[in-house]
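# Examining the three-dimensional arrangement
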Amino acid sequence: MEARFQEILNHIKQPKEIRLNNMLDPFFLGADEEEMTADILFCTQEWEWNQRNEIHGGAIASMFDTAMGVCAAAFQGQGSVSTADLQVSFIRPFLSGAFIFSTQITSMGKTLIRATCVAREKQSGKIVATASGTFVPFKK
Ligand SMILES: CCCCCCCCCCCCCC(=O)SCCNC(=O)CCNC(=O)[C@H](O)C(C)(C)COP(=O)(O)OP(=O)(O)OC[C@H]1O[C@@H](n2cnc3c(N)ncnc32)[C@H](O)[C@@H]1OP(=O)(O)O
């Protein structure tokens, strides 16, 4: 399973191209195949700041999209996914530092893959945001 995660991360982190997934720089921490859970780390960067030097909500939503999308693609076994919907609850501001996004694939259906994700500040372990999303195997 680790090899599949690394394959996906290598695929989306194209260092020669400016792409959102690449710029967010997700780092795989670990996964449990049976539980369909995985942890992905994001270290915040200045370009993600809003005018108050907090991480912009759009960047946080993108981290959730990437974390859950990578997990959906990894646990479906092959190919890519499209995001069909994404809901985010912003609980505490993301200040500078590192954040662990813990995804759970709650349903691997025949057409839809459903996921939930909890983001915690790495240093304190405090929950800063939660999300849920629905993903569809990419057919095109
Ligand atoms: C090793 C490699 C692994 C790689 C893993 C990467 C991991 C990823 C991790 C990162 C995760 C980040 C993930 C992201 O960032 S994904 C980016 C955000 N999400 C989207 O853009 C999803 C857009 N929505 C859809 O594609 C559909 O609604 C879905 C698939 C969700 C449901 O389907 P449904 O059956 O309800 O709808 P439909 O199939 O009839 O489509 C509706 C309309 O859209 C057209 N359409 C659809 N697609 C394309 C297209 N490509 N090019 C042009 N047009 C396209 C289609 O022709 C139709 O138009 P029309 O015929 O009505 O005019």
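The rules behind each value
- Residues numbered from 1 in each chain as written.
- Predicted model: local features only at pLDDT ≥ 70, side-chain atom pairs only at ≥ 80, totals over all residues.
- Heavy atoms only, no water.
- UniProt positions renumbered as here; feature names shortened; annotations may be inferred.
- Helix = DSSP H or I, 4+ residues; strand = E, 2+ residues; numbered from the N terminus.
- Expected span 1.5 Å × (residues − 1).
- Buried < 20%, exposed > 50% of the residue type's maximum accessible area, 1.4 Å probe, protein only.
- Near = heavy atom within 4 Å.
- Polar contact = N/O pair within 3.5 Å; in protein donor to acceptor, adjacent residues only side chain to side chain.
- Areas by Shrake-Rupley, 256 points an atom, 1.4 Å probe, with all protein chains shown as cover.
- Nonpolar A, V, L, I, M, F, W, Y, C, P; charged D, E, K, R; others polar.
- Core = buried A, V, L, I, M, F, W, Y, C linked by side-chain atoms within 4.5 Å.
- Contact = heavy atoms within 4.5 Å.

So, on to the UniProt feature "domain: Thioesterase" (unreviewed entry) in the chain. Using the residue numbers shown here, the UniProt feature "domain: Thioesterase" (unreviewed entry) corresponds to residues 55–125. Across residues 55–125, helical content stands at 28% and strand content at 42%; the span's end C-alpha atoms are separated by 17 Å.

In an α-helix, one turn spans 3.6 residues, which is why side chains three or four residues apart end up on the same side. The end-to-end C-alpha distance of helix α3 (residues 57–76), which contains 20 residues, comes to 28 Å, matching closely the 28 Å that a straight helix rising 1.5 Å per residue would cover. A large share of α3 lies buried, amounting to 16 of its 20 residues. Trailing α3 by a residue or two, G77 shows a phi angle of about 100°, which is positive.

Turning our eyes to something else, we now look at the site of the ligand. With respect to spatial proximity, 18 residues lie near the ligand, and among them H11, D65, S80, T83 and K140 are the closest. At 3.1 Å, a backbone N or O of T83 approaches a nitrogen atom of the ligand. In the complex, 43% of the free accessible area of the ligand, which totals 1,300 Å², lies under the protein chains. Of all the secondary structure elements, the ones that give two or more residues to the shell around the ligand are α1 (2–12), α3 and β3 (81–90). Per-class residue counts for the shell around the ligand are seven nonpolar, seven polar and four charged.

A general trend in soluble globular proteins is that nonpolar side chains are found buried together. Judged by nonpolar contacts, the single largest core of 35 residues is most densely connected at F5, F64, F94 and F101. Mapped by element, the contributors of at least two residues to this core are α1, β2 (37–43), α3, β4 (98–108), β5 (113–121) and β6 (127–137). The leading source of residues in this core is α3, at twelve residues. With near-sequence residues (within four places) excluded, F5 lies in contact with F28, A31, A38, V70, C71, A74 and F75.

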